[in-house]
Amino acid sequence: MVAALGSVALAAHWLVSAVLILLGLTTTYVRRAKLKPHSVGFFHPHTSDGGGGERVLWCAVREVQTLRPDAEVVVYTGDDLTGAELTRRAALRFGVTLARPIDVVKLRRRRLVEPDAYPALTLVGQAVGACVLAAEALSMYRPAVFFDTVGHAFAYPLARLAGSRVVAYVHYPTVSSDMIARVRRGAETYNNRPAVARSGALSLAKLWYYRAFALAYGACGRCASAVAVNSSWTKAHVDALWGTSADIVYPPCDVDFDVDAKKKNDATKTRDAAAKEAARANDRAKAATADALAAKAAAKEETAAAKREIADAKKNAARSAKASAAAAAAAAAAEKRACAAEREMA
């Protein structure tokens, strides 16, 4: 018994030692760059998606530049675009004009946070990938504020180790009570394969996996100094998992741009409708003309047929008249012969 306890204690000692060594090495790695005062680093590995998340990024950058003109702003991205190119893209694609061009920190390991890189244990794979990617980002540029706009919560502890304050804007929680409930019910859905849903043992294992992941996710989320979410639904889940009280900041929408686009769209629809109606009227006119030509041709054919019938009737009448004359001549000749015969008999 004493020997067993000694073995457990030794194993625990080595485990704690390994964790502390890893923590020390990680801290040294992420702190190798000099901390930049009055700087904000936006963690957004995909800056060419063209979706709502990218609009949030550029609106946040614009507001930081407006409120803190002295702040140095960088964007951590895996895209091969310069700061000037991203600035132009923000203006052209989203109508967001930045006060000045931004700096870019190029990430080479962006593939590690993409879900299709992990056919199994996707959540854990992306979580570890986010840690590695964040370590790469912080080792090259260590900002005063680490601003995550995509929801990679597992990067937050590393940012705190690097000496940065963490700000998060969450679009959708990585794990939620809804996902856990679907696994508990055995529902076949996007996050629960049929093979797992039909197996009690696998469902139980996945349920504990999700619960453990939710605890780790919540612990990482608590490293954020300020949290904003895009809806009341997201707020309810983030507050429950992270033990925070997130602010709801609805996604930005360029109303003027949308109104102008709607006006242009309405004008285009009006022109298209007028063009279609003109085309239909032209088709109707062509059809009427074709019908008139067909009627005229039919009338000509009927007139020609009537003329042919009249001519045939005249020909028949003439033949009848000739036949009557021939019959009359034959009768007269017969009568003459009869008279001659009578005279000879007398």
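So, here is what we can say about the structure in this document. (Residues numbered from 1 in each chain as written. Predicted model: local features only at pLDDT ≥ 70, side-chain atom pairs only at ≥ 80, totals over all residues. Heavy atoms only, no water.)

Right, let's talk about a nonpolar patch on the surface for a bit. Together, Leu 121, Val 124, Val 128 and Val 132 line one region of the surface with nonpolar side chains, adding up to about 320 Å² of accessible area. For Val 124, the location among the structural elements is in helix H4 (residues 122–140). (Patch = residues over 30% accessible without salt bridge, like charges linked within 9 Å, V, L, I, M, F, W, Y side chains within 5 Å. Areas by Shrake-Rupley, 256 points an atom, 1.4 Å probe, with all protein chains shown as cover. Salt bridge = Lys/Arg side-chain N within 4 Å of Asp/Glu carboxyl O. Helix = DSSP H or I, 4+ residues; strand = E, 2+ residues; numbered from the N terminus.)

Below, the discussion takes up the packing of aromatic side chains. One pair of aromatic rings is described through two measures. These are the centre distance and the angle between the planes. Within this structure, the stated rule accounts for 10 aromatic pairs. For the ring pair Phe 154 and Phe 213, a centre distance of 5.1 Å and an interplane angle of 45 degrees mean the geometry is tilted. Here Phe 213 lies in helix H8 (residues 200–221) and Phe 154 lies in the loop between strand S4 (142–148) and helix H5 (156–161), a separation of 59 residues in the sequence. Among the residues examined, Phe 154 registers a relative accessible area of 14% and is labelled buried. Judged by its relative accessible area of 5%, Phe 213 falls in the buried class. By way of ring pairs, the aromatic residues Phe 154, Tyr 156, Phe 213, Tyr 217 and Trp 242 are connected into one cluster. A cation over a ring is seen here: Arg 93 above Phe 94, with NZ or CZ 5.0 Å from the ring centre. Lying across the ring of Trp 208, Arg 211 places its NZ or CZ 5.2 Å from the centre. (Phe/Tyr/Trp six-rings, centres within 6.5 Å; stacked < 30°, edge-to-face > 60°. Buried < 20%, exposed > 50% of the residue type's maximum accessible area, 1.4 Å probe, protein only. Lys NZ or Arg CZ within 6 Å of the ring centre and 35° of its normal.)

Bringing the layout of surface pockets into the picture now. Considered as a void within the structure, the largest pocket measures approximately 1,100 Å³ in volume. Forming the walls of the largest pocket are 41 residues, and the residues nearest its centre are Pro 115, Thr 122, Leu 123, Gln 126 and Thr 174. Looking at the lining of the largest pocket, the elements that each hand over two or more residues are helix H2 (52–67), H4 and H8. With six residues, the single largest contributor to the lining of the largest pocket is H8. Looking at side-chain class alone, the lining of the largest pocket contains 22 nonpolar, 14 polar and five charged residues. Counted as a void, the second largest pocket has a volume near 300 Å³. Around the second largest pocket, the lining is made up of 13 residues, and of these Val 40, Val 64, Arg 68, Val 145 and Phe 147 lie nearest the centre. Secondary structure elements with two or more residues in the lining of the second largest pocket: strand S1 (35–43), H2 and S4. With four residues, the top contributor of residues to the lining of the second largest pocket is H2. Residue composition of the lining of the second largest pocket, grouped by class: nine nonpolar, two polar and two charged. (1 Å grid on protein atoms, 1.4 Å probe; cavity = no way out; pocket = protein on both sides within 12 Å on 5 of 7 lines; lining within 4 Å. Points joined across faces, edges and corners; volume = space filled by probe spheres on them. Nonpolar A, V, L, I, M, F, W, Y, C, P; charged D, E, K, R; others polar.)

The values reported here are purely geometric and, on their own, carry no functional implication.
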